[in-house]
Amino acid sequence: MLYQRSSQLFIEAEQVIPGGVNSPVRAFKAVGGTPIFAKSAKGAYVYDEDGNRFVDYINSWGPMVLGHAFAPVVDAVIEKAKLGTSFGMPTELETQIAALAVSMVPGIDKIRFVNSGTEACMSAIRLARGFTKKDKIIKFAGCYHGHSDSFLIQAGSGAVTFGAPNSPGVTVGTAKDTLLASYNDLDNVKALIEVNKNEIAAIIVEPVAGNMGCVPPMNGFLEGLRKLCTENEILLIFDEVMTGFRLAKGGVQELYKVTADIVCFGKVIGGGLPVGAFAARAEIMNQLAPLGPVYQAGTLSGNPLAMAAGLAMLKALNEDENVFKRLEEKTAYLEAGIHKVLQNNNVVYIINRVGSMISVHFDATPVVDFKTAAKGDNATFRRFFHGLLAEGIYIAPSAYETWFITDALTYEDLDFTINAIDKVSKTF
Ligand SMILES: *Cc1c(COP(=O)(O)O)cnc(C)c1O
């Protein structure tokens with residue numbers, strides 16, 4: 001494949017945009033080469049500026065669970081745009097999508113819309129702190145909750161006492177209120193709670209982790225967190241930005257039958273437009289301004305184009321009784337196919353999967369947390385990534401990412417992918 005125009009566009013972008021990209025995950029830093037510039041996309045495929053076609057396993061990092069340029073979403077946005085793109089006044093549409101989301105997700109009475117998953121998580125911990133009148137939070141190494149200061153905290157053995165900033169610009173003062181635990185390790189969480197008695201406002205977790213590859217919660221992990229939170233008057237926050245409206249209508253809460261106190265959304269909920277949201281029972285949500293003292297706001301929050309896209313997406317997911325089953329079946333088919341060819345080619349690997357989230361790790365150790373996720377062989381991943389790209393398959397340019405499966409994928413697309421993996425893994 002030729003990437004002449006992408007390469008030229010990247011050179012031009014680098015002059016005026018740091019690293020040539022508006023979000024670092026789009027750069028090819030981890031895999032080498034220059035990013036591919038998208039021109040258009042339809043269904044399961046994305047087309048680049050050089051005219052290459054790729055079977056897309058990124059799908060805008062999640063939102064396109066029903067495929068690119070999904071007609072009901074596109075039509076809704078076009079129709080709304082003709083009526084004005086933003087008002088800074090409430091609209092009926094906001095109540096419609098809120099009511100639908102509340103009806104789909106267990107345990108929530110009210111929801112507030114923001115513009116990104118980052119904003120949702122950032123606002124959720126402020127709300128939790130305001131509600132509990134406590135300052136500290138526990139997060140898990142390898143879980144991503146957006147780029148607000150409190151969450152950019154690195155793992156380290158000093159975590160039991162003080163977090164350490166891992167991005168310059170995050171102050172030590174902020175970092176000390178974020179305690180780090182190891183995913184799937186309840187004893188670790190217990191110890192943190194012990195040492196910080198009555199100081200912890202919330203535990204925030206990706207209930208199925210998707211930002212260190214896909215890492216499922218072990219049996220009892222989510223239930224254990226629920227119990228510890230209830231016993232210690234800590235709010236449990238499920239960051240369902242990736243899993244929400246992807247793994248089930250009601251997300252992980254429904255799938256694993258564990259209820260959170262606050263739930264964060266993003267990605268699918270916006271149908272491809274910039275939307276995030278956070279939700280909880282009324283008692284908690286009523287703490288928010290203008291009802292309560294916890295301030296949170298946004299000039300473009302609840303934007304009519306974004307809400308129209310989100311509503312069309314949620315409606316489609318709500319009305320299709322089989323969509324989550326189909327997504328699961330397609331992903332299971334892909335998983336079985338990859339197992340077969342990687343085994344045949346004597347590749348050392350682990351596959352993790354929950355529903356339509358799947359990741360391939362090039363190491364023999366089961367991937368259960370950040371430490372084990374980090375053990376993967378990056379050199380092999382690089383060859384895997386570029387090999388698949390050359391075959392017309394676009395997966396995330398990082399070994400720490402989940403593949404995002406879309407319902408637009410056909411079984412022919414999946415076979416095409418499995419054959420490509422067979423071919424590429426023969427060269428390892
Ligand atoms: C993507 C993601 C976020 C951040 O959402 P943005 O819209 O990129 O700000 C937060 N949490 C999880 C679990 C995510 O996957």
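Look a little higher up for the structure.
Now for a look at the structure at hand. (Residues numbered from 1 in each chain as written. Predicted model: local features only at pLDDT ≥ 70, side-chain atom pairs only at ≥ 80, totals over all residues. Heavy atoms only, no water.)

As a further point, take the sheet that holds strand E1 (residues 38-42). For sheets, the rule is that strands pair by backbone hydrogen bonds, running either parallel or antiparallel. Strand order in this open sheet of four strands is E1-E2-E3-E15, and the pairing throughout is mixed. A strand with exactly one partner marks an edge of an open sheet, and here the two such strands are E1 and strand E15 (393-394). Summarising the sheet, strand E2 (residues 45-48) and strand E3 (residues 53-56) pair through three bridges and their orientation is antiparallel. Looking at E3, one finds that Val46 is bridged to Phe54. (Pairing = 2+ DSSP bridges. Helix = DSSP H or I, 4+ residues; strand = E, 2+ residues; numbered from the N terminus.)

What follows covers the site of the ligand. Close contacts around the ligand come from Ser116, Gly117, Thr118, Tyr144, His145, Gly146, Glu206, Asn211, Asp239, Val241, Met242 and Lys267, and that covers them all. Here Tyr144 contributes a backbone N or O atom positioned 3.0 Å from a nitrogen atom of the ligand. Within the side chain of Asn211, an N or O atom sits 3.1 Å from an oxygen atom of the ligand. Coverage of the ligand by the protein amounts to 83% of the 380 Å² it exposes when considered alone. (Near = heavy atom within 4 Å. Polar contact = N/O pair within 3.5 Å; in protein donor to acceptor, adjacent residues only side chain to side chain. Areas by Shrake-Rupley, 256 points an atom, 1.4 Å probe, with all protein chains shown as cover.)

This part takes up unusual backbone geometry. In this model, Ala289 is joined to Pro290 through a cis peptide bond whose omega is 10°. Unlike most non-glycine residues, Lys267 shows phi in positive territory, near 50°. Structurally, Lys267 is set in the loop between strand E11 (262-265) and strand E12 (276-280). Accessibility expressed as a relative area gives 24% for Lys267, which makes it partly exposed. In this model, Asn346 sits at a positive phi of 55°, which is unusual for a non-glycine residue. (Buried < 20%, exposed > 50% of the residue type's maximum accessible area, 1.4 Å probe, protein only.)

In this structure, Tyr57, Phe140, Ile203, Phe245, Leu317 and Trp403 are the most contacted members of the largest nonpolar core, which totals 112 residues. Ranked by the residues each element gives to this core, the list is headed by helix H10 (residues 304-319), at 11 residues. Setting aside residues no more than four positions away along its own chain, Ile203 makes contact with Ile138, Phe140, Val189, Ile193, Leu225, Cys229, Ile234, Leu235, Leu236 and Ile237. Among the nonpolar cores identified, the runner-up in size contains 22 residues, and Ala128, Ala202, Ile204 and Leu235 belong to it. (Core = buried A, V, L, I, M, F, W, Y, C linked by side-chain atoms within 4.5 Å. Contact = heavy atoms within 4.5 Å.)

On to the sheet that holds strand E13 (residues 350-354). With antiparallel pairing, three strands are arranged side by side in an open sheet as E13-E14-E16. Among the strands making up the open sheet, the edge pair consists of E13 and strand E16 (403-404). Relative to strand E14 (residues 357-361), E13 is paired through five bridges, and the arrangement is antiparallel. Pairing of Val354 across the sheet is with Met357, part of E14. Relative to E13, helix H11 (residues 323-344) is tilted by about 175°, and along the sheet it contacts E13, E14 and E16. (Axes fitted to C-alpha atoms, helices over the stretch in contact; angles between N-to-C directions.)

This part takes up the packing of aromatic side chains. Scanning all chains against the criterion turns up 14 aromatic pairs. Residues Phe54 and Tyr394 carry aromatic rings whose centres are separated by 5.9 Å and whose planes lie at 45° to one another, so their mutual orientation is tilted. Residue Phe54 is located in strand E3, and its partner Tyr394 is located in strand E15; the two are separated by 340 residues in the primary sequence. Side by side, Phe54 and Tyr394 carry an identical accessibility label, which is buried. (Phe/Tyr/Trp six-rings, centres within 6.5 Å; stacked < 30°, edge-to-face > 60°.)

Turning next to the pairing of E2. Across four bridges, the pairing between E1 and E2 is antiparallel. Note on E2: the bridge partner recorded for Ser40 is Tyr47. Between E1 and E2, which follow one another and run antiparallel, lie two residues, and Gly43 among them has a positive phi close to 60°. Taken together, E2 and the strand that follows it, E3, pair antiparallel across an intervening segment of four residues, in which Gly51 is found at a positive phi of about 90°.

Along the chain, the position of Ser425 falls in helix H14 (residues 411-425). Under the relative-accessibility criterion, Ser425 is labelled buried at 2%. Excluding residues that lie within four positions of it along the chain, Ser425 makes contacts with Val341, Leu342, Asn345 and Val347.

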